[in-house]
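# Per-entry structural report
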Amino acid sequence: MLESMTTNADEPQTRPRRRAPAGAAVLREDVTEAIRVAVFEELASVGYARMSIEGIARRAGVGKTAVYRRWRSKLHLVLDLVSAVAVQGLPAPDTGSLEGDLRLLYEVTSRALRHPVASQIIPDLQAEAARNPEIAEAMQKALREGQEGVASGIVAAAERRGEVRAGIDDELALDLISGPLYWRSVVIRTQKLPKGYLASLARTTTAALKAL
């Protein structure tokens, strides 16, 4: 009886039955990824407040049950995706100089923050974070850890090269590195940065870090 019920949870019932691990449904990764993509698109389109499991499922081309097998609510779905951002982080620059590393970091981060989807999702989730402690915690984790891991790596490399003093204040360094671009791209929401802004920001931040 148990064996006859262990079908793939996301496959049509006309497909051959397959043996699944005891006590768990087999979840297709391509379906999971389609749902993740649909969540980001739905957030950008209608915002968190109006987002629904029905809308996500429709956009992903799956049934609602496929979503509920993976996440029990839209809150847990969004929290999971936001937390995943913190784990993935940003690529660590390795140009051989502090200013070069900062310039590359700013270029990659700027493109990501100004992406049409990100520019819609981040402000919306920030608004929800003011009302929902769970979203606030997940947002803080994603935004902080994603930048902190890369920034600390840049500072550590600069220390080894002797570009900044040993034992530099890591918290202040993170604020100096991440604050200006985040302010302009996410808070003020500047869609087009002034010519030469990123190079100037990298140069100025380098001088500030060396002065710590």
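### What about the overall build of the protein?
Within the protein, the secondary structure is distributed over nine helices and zero strands. Listed by position from the N terminus, the elements making up the protein come as α-α-α-α-α-α-α-α-α. Intrachain contacts of the protein at a sequence separation of at least 6 include 63% that bridge at least 24 residues. By element, 55% of the accessible surface of the protein is carried by carbon and sulfur atoms, the whole surface being about 12100 Å².

### Some thoughts on the pattern of salt bridges
Enumeration over the complete set of coordinates arrives at 10 salt bridges. Linking Asp30 and Arg28 is a salt bridge whose minimum nitrogen-to-oxygen distance equals 2.6 Å. Residues Arg131 and Glu128 are paired through a salt bridge, measuring 2.7 Å at the closest nitrogen-oxygen approach. Since its relative accessible area comes to 10%, Glu128 is described here as buried.

### Points about the side chain of Thr109
Structurally, Thr109 can be placed in helix H5 (residues 98–113). Engagement of the side chain of Thr109 in a polar contact is seen with the backbone oxygen of Leu105, the distance being 2.8 Å.

### Focus: the packing of aromatic side chains
Taken as a whole and assessed by the stated rule, the structure comprises zero aromatic pairs. Directly above the aromatic system of Tyr48 lies the positively charged group of Lys74, at a separation of 4.5 Å from the ring centroid.

### Things to note about a nonpolar patch on the surface
A surface patch of nonpolar side chains, about 310 Å² in accessible area, is lined by Trp183, Val187 and Ile188. Here Val187 shows up in helix H8 (residues 170–187).

### Side note on the side chain of Asp101
One can find Asp101 in helix H5. Judged by its relative accessible area of 1%, Asp101 falls in the buried class. Every residue in contact with Asp101, bar those within four places of it in the chain, is listed here: Pro93, Asp94, Thr95, Gly96, Ile154 and Arg161.

### Observations regarding the nonpolar core
Among the nonpolar cores identified, the biggest contains 29 residues, and Ile35, Val39 and Leu77 are the most heavily contacted of them. Of all the secondary-structure elements, those providing two or more residues to this core are helix H1 (29–50), helix H2 (53–60), helix H3 (64–68), helix H4 (74–88), helix H6 (116–129) and helix H7 (133–161). With sequence-adjacent residues up to four places away left out, Leu77 is seen in contact with Ile35, Val39, Ile53, Ile56, Val67 and Trp71. Listed in part, the 21 residues of the second largest apolar core include Leu98, Leu102, Leu105 and Leu209.

### Quick notes on the packing of H1 against H2
Axis separation between H1 and H2 bottoms out at 8 Å; the angle between their running directions is 120°. Taken together, H1 and H2 sit at an angle that is classed as oblique. Here the hand of the crossing between H1 and H2 comes out right-handed. Residues Ala34, Ile35, Ala38, Val39, Glu41, Glu42 and Ser45 of H1 lie in contact with H2, whose contacting residues are Gly55, Ile56, Arg59 and Ala60.

### Focus: H8
Largest kink in H8: about 35°, centred on Ser178, with the proline Pro180 one to four residues after it. Those residues of H8 lying buried are Ala173, Leu174, Ile177, Ser178, Leu181, Ser185 and Val186.

### Description of the packing of H5 against H8
Packing of H5 against H8 brings their axes to within 11 Å, and their N-to-C directions diverge by 30°. Taken together, H5 and H8 sit at an angle that is classed as roughly parallel. Between H5 and H8 the crossing geometry is right-handed. Residues Leu102, Leu105, Tyr106, Thr109, Ser110 and Leu113 of H5 form the contact with H8, whose participating residues are Leu176, Ile177, Leu181, Ser185 and Val186. Counted by class, the contact of H5 with H8 contains eight nonpolar, three polar and no charged residues.

### As for H5
Given 3.6 residues per turn, any residue in an α-helix points the same way as the ones three and four places further on. In this model, H5 (16 residues) spans 22 Å end to end at C-alpha, consistent with the 22 Å of a helix rising 1.5 Å per residue. When H5 is considered as a whole, its buried residues turn out to be Leu98, Asp101, Leu102, Leu105, Tyr106, Thr109, Ser110 and Leu113. One face of H5 carries all of its buried residues, which in axial projection span an arc of 155°. For H5, the capping residue at the N-terminal end is Ser97, with a side-chain oxygen 3.0 Å from the backbone nitrogen of Gly100.

Procedures and definitions
Residues numbered from 1 in each chain as written. Predicted model: local features only at pLDDT ≥ 70, side-chain atom pairs only at ≥ 80, totals over all residues. Heavy atoms only, no water. Helix = DSSP H or I, 4+ residues; strand = E, 2+ residues; numbered from the N terminus. Contact = heavy atoms within 4.5 Å. Areas by Shrake-Rupley, 256 points an atom, 1.4 Å probe, with all protein chains shown as cover. Salt bridge = Lys/Arg side-chain N within 4 Å of Asp/Glu carboxyl O. Buried < 20%, exposed > 50% of the residue type's maximum accessible area, 1.4 Å probe, protein only. Polar contact = N/O pair within 3.5 Å; in protein donor to acceptor, adjacent residues only side chain to side chain. Phe/Tyr/Trp six-rings, centres within 6.5 Å; stacked < 30°, edge-to-face > 60°. Lys NZ or Arg CZ within 6 Å of the ring centre and 35° of its normal. Patch = residues over 30% accessible without salt bridge, like charges linked within 9 Å, V, L, I, M, F, W, Y side chains within 5 Å. Core = buried A, V, L, I, M, F, W, Y, C linked by side-chain atoms within 4.5 Å. Axes fitted to C-alpha atoms, helices over the stretch in contact; angles between N-to-C directions. Parallel < 35°, antiparallel > 145°, perpendicular 65-115°, else oblique. Left-handed = near helix turned anticlockwise from the far one by under 90°. Bend = angle between axes of the 7 residues up to and from the residue. Nonpolar A, V, L, I, M, F, W, Y, C, P; charged D, E, K, R; others polar. Expected span 1.5 Å × (residues − 1). Arc of directions from axis to C-beta.

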